[in-house]
Amino acid sequence: MDPFSQLILLISVVSFFFFQWLFHSVSPWASSRISPGFLKLTHKQKIEWNSRTVSTLHALLVGLFCLYILFFDEAVNQDPVWGDPTLVKINGQGMLPYFANFRLLAEFSTPCVNQRWFFEVLGYPKSSRPNMANGVLMAAVFFLVRIAVMPVYYSRMCSVYGTEAFYRVSFGGRSAWIFSSICLDIMNVMWMHKIFRGCYKVLQSSRKSKAESQENGKTD
């Protein structure tokens, strides 16, 4: 096994034990102090809670890796189909490194999804300020990392289409890449529509409730 493969193996093993430590020790300890409601959860809910805590940290780390690769990694930007830098191998090996890491930017929306579950299991009403703030943030982040970036993604795809590097990818690989990208973005648009509608509905309901309470106060 070459030295770099040994490094990747070492990083994988260390990451596994690090996230296990976060799941079994750090998350329960920190959560019980930050949110007393954690202690009232069922055993199954605590497992889900700790899993989502680790998921949030993992999503942020992966997202930051991707940003660095897309903005500063010359090998990937010069050859988005076959670029072979070290950080891409750490973040996931294979062909199409630019496009694979571009897709992983979607991980930035995971913390908001997890936070929504935290609020729900703690009994926060949907109209509460923390829940609404998280909902608005989730809609904004989802739009930025999944919808607003589509023109950049597909313009880069078009720029490599038909090149020698493009045809070095097998027909099955090219078909899977293009077809899966289109299908995923159709779903992203559908999810964005649902998120926007839900966010708008909650905000309108909150405004209506405030107006009614003010009106009742004046009447009293």
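Note that the coordinates shown come from a computational prediction; the quantities given were computed from them, not determined experimentally.

Basis of the calculations
Residues numbered from 1 in each chain as written. Predicted model: local features only at pLDDT ≥ 70, side-chain atom pairs only at ≥ 80, totals over all residues. Heavy atoms only, no water. Helix = DSSP H or I, 4+ residues; strand = E, 2+ residues; numbered from the N terminus. Buried < 20%, exposed > 50% of the residue type's maximum accessible area, 1.4 Å probe, protein only. Polar contact = N/O pair within 3.5 Å; in protein donor to acceptor, adjacent residues only side chain to side chain. Core = buried A, V, L, I, M, F, W, Y, C linked by side-chain atoms within 4.5 Å. Contact = heavy atoms within 4.5 Å. Axes fitted to C-alpha atoms, helices over the stretch in contact; angles between N-to-C directions. Parallel < 35°, antiparallel > 145°, perpendicular 65-115°, else oblique. Left-handed = near helix turned anticlockwise from the far one by under 90°. Nonpolar A, V, L, I, M, F, W, Y, C, P; charged D, E, K, R; others polar. pLDDT = per-residue confidence, 0-100. Phe/Tyr/Trp six-rings, centres within 6.5 Å; stacked < 30°, edge-to-face > 60°. Patch = residues over 30% accessible without salt bridge, like charges linked within 9 Å, V, L, I, M, F, W, Y side chains within 5 Å. Areas by Shrake-Rupley, 256 points an atom, 1.4 Å probe, with all protein chains shown as cover. Salt bridge = Lys/Arg side-chain N within 4 Å of Asp/Glu carboxyl O. Lys, Arg positive; Asp, Glu negative; His and termini not counted. Charge placed at Lys NZ, Arg CZ, Asp CG, Glu CD.

Some remarks on the side chain of Asn101
Here is step 1 of the chain: Along the chain, Asn101 turns up in helix α5 (residues 97–103).
Here is step 2 of the chain: In this structure Asn101 comes out as buried when scored by relative accessible area, which is 2%.
Here is step 3 of the chain: Of note is the side chain of Asn101, whose polar atom sits 2.8 Å from the backbone oxygen of Pro97.

Notes on the nonpolar core
Here is step 1 of the chain: Val81, Tyr98, Phe99, Phe102, Leu105, Tyr153 and Trp177 are the most contacted members of the largest nonpolar core, which totals 22 residues.
Here is step 2 of the chain: Counting only elements with at least two residues in this core, the list comes to α2 (43–72), α5, α7 (129–147), α8 (150–160) and α9 (164–168).
Here is step 3 of the chain: Looking at which element gives the most residues to this core, the answer is α2, with four residues.
Here is step 4 of the chain: Sequence-distant contacts of Val81, that is, excluding residues within four places in its chain, are made with Met95, Leu96, Pro97, Val160, Ala165 and Val169.

Quick word on the packing of α2 against helix α6 (residues 110–121)
Here is step 1 of the chain: α6 packs onto α2 with a crossing angle of 155° between their chain directions and a minimal axis gap of 9 Å. As far as their axial angle goes, α6 and α2 are roughly antiparallel. In this structure, α2 crosses over α6, and the sense of that crossing is left-handed. Residues Gln45, Glu48, Trp49, Arg52, Thr53, Ser55, Thr56, Ala59 and Leu60 of α2 lie in contact with α6, whose contacting residues are Thr110, Pro111, Val113, Asn114, Trp117, Phe118 and Val121.
Here is step 2 of the chain: A per-class count over the contact of α2 with α6 returns eight nonpolar, six polar and two charged.

Description of the packing of α6 against α7
Packed helix pairs are specified by the crossing angle of their axes together with the interaxial distance, meaning the distance between the axes.
Here is step 1 of the chain: Interhelical geometry of α6 versus α7 gives an angle of 160° and a closest axis separation of 9 Å. With respect to α7, the element α6 is oriented roughly antiparallel. Remark: the crossing between α6 and α7 carries left-handed chirality. Here Cys112, Val113, Gln115, Arg116 and Phe119 of α6 come into contact with α7, specifically with Pro130, Asn131, Asn134, Leu137 and Met138.
Here is step 2 of the chain: Split by residue class, the contact of α6 with α7 holds six nonpolar, three polar and one charged.

Remarks on the confidence of the model for the protein chain
Interpreting fine coordinate detail is not advised for predicted regions of low pLDDT.
Here is step 1 of the chain: In the predicted model, the protein chain carries a mean pLDDT of 89, and 89% of its residues have values of at least 70.
Here is step 2 of the chain: The least confident element of the protein chain is helix α4 (residues 86–91), whose mean pLDDT is 65; the most confident is α6, at 96.

Re the packing of aromatic side chains
Here is step 1 of the chain: By the definition in use, this model includes 20 aromatic pairs.
Here is step 2 of the chain: Judged by centre distance (5.2 Å) and plane angle (80°), the rings of Phe16 and Phe17 are edge-to-face.
Here is step 3 of the chain: Judged by relative accessible area, Phe16 falls into the partly exposed class, the value being 47%.
Here is step 4 of the chain: Taken together, Tyr98, Phe99, Phe102, Tyr153, Tyr154, Tyr161, Phe166, Tyr167 and Trp177 form an aromatic cluster joined through their ring pairs.

Details of a positive patch on the surface
Here is step 1 of the chain: Residues Arg116, Lys126, Arg197 and Lys201 make up a contiguous surface patch of positive charge.
Here is step 2 of the chain: Within the secondary structure, Lys201 sits in helix α10 (residues 171–219).

Looking at the pattern of salt bridges
Here is step 1 of the chain: Enumeration over the complete set of coordinates arrives at two salt bridges.
Here is step 2 of the chain: For Glu48, the salt bridge goes to Arg52, with nearest N and O atoms at 2.8 Å. Placement of both Glu48 and Arg52 in helix α2 is noted, with a separation of four residues, approximately one turn of the helix.
Here is step 3 of the chain: When the shortest N-O distance is used, the salt bridge between Arg103 and Asp185 registers 2.7 Å. Within this pair, whereas Arg103 is found in helix α5, its partner Asp185 is found in helix α10, the two being separated by 82 residues in sequence.
Here is step 4 of the chain: Owing to a relative accessible area of 23%, Arg103 belongs among the partly exposed residues under this scheme.

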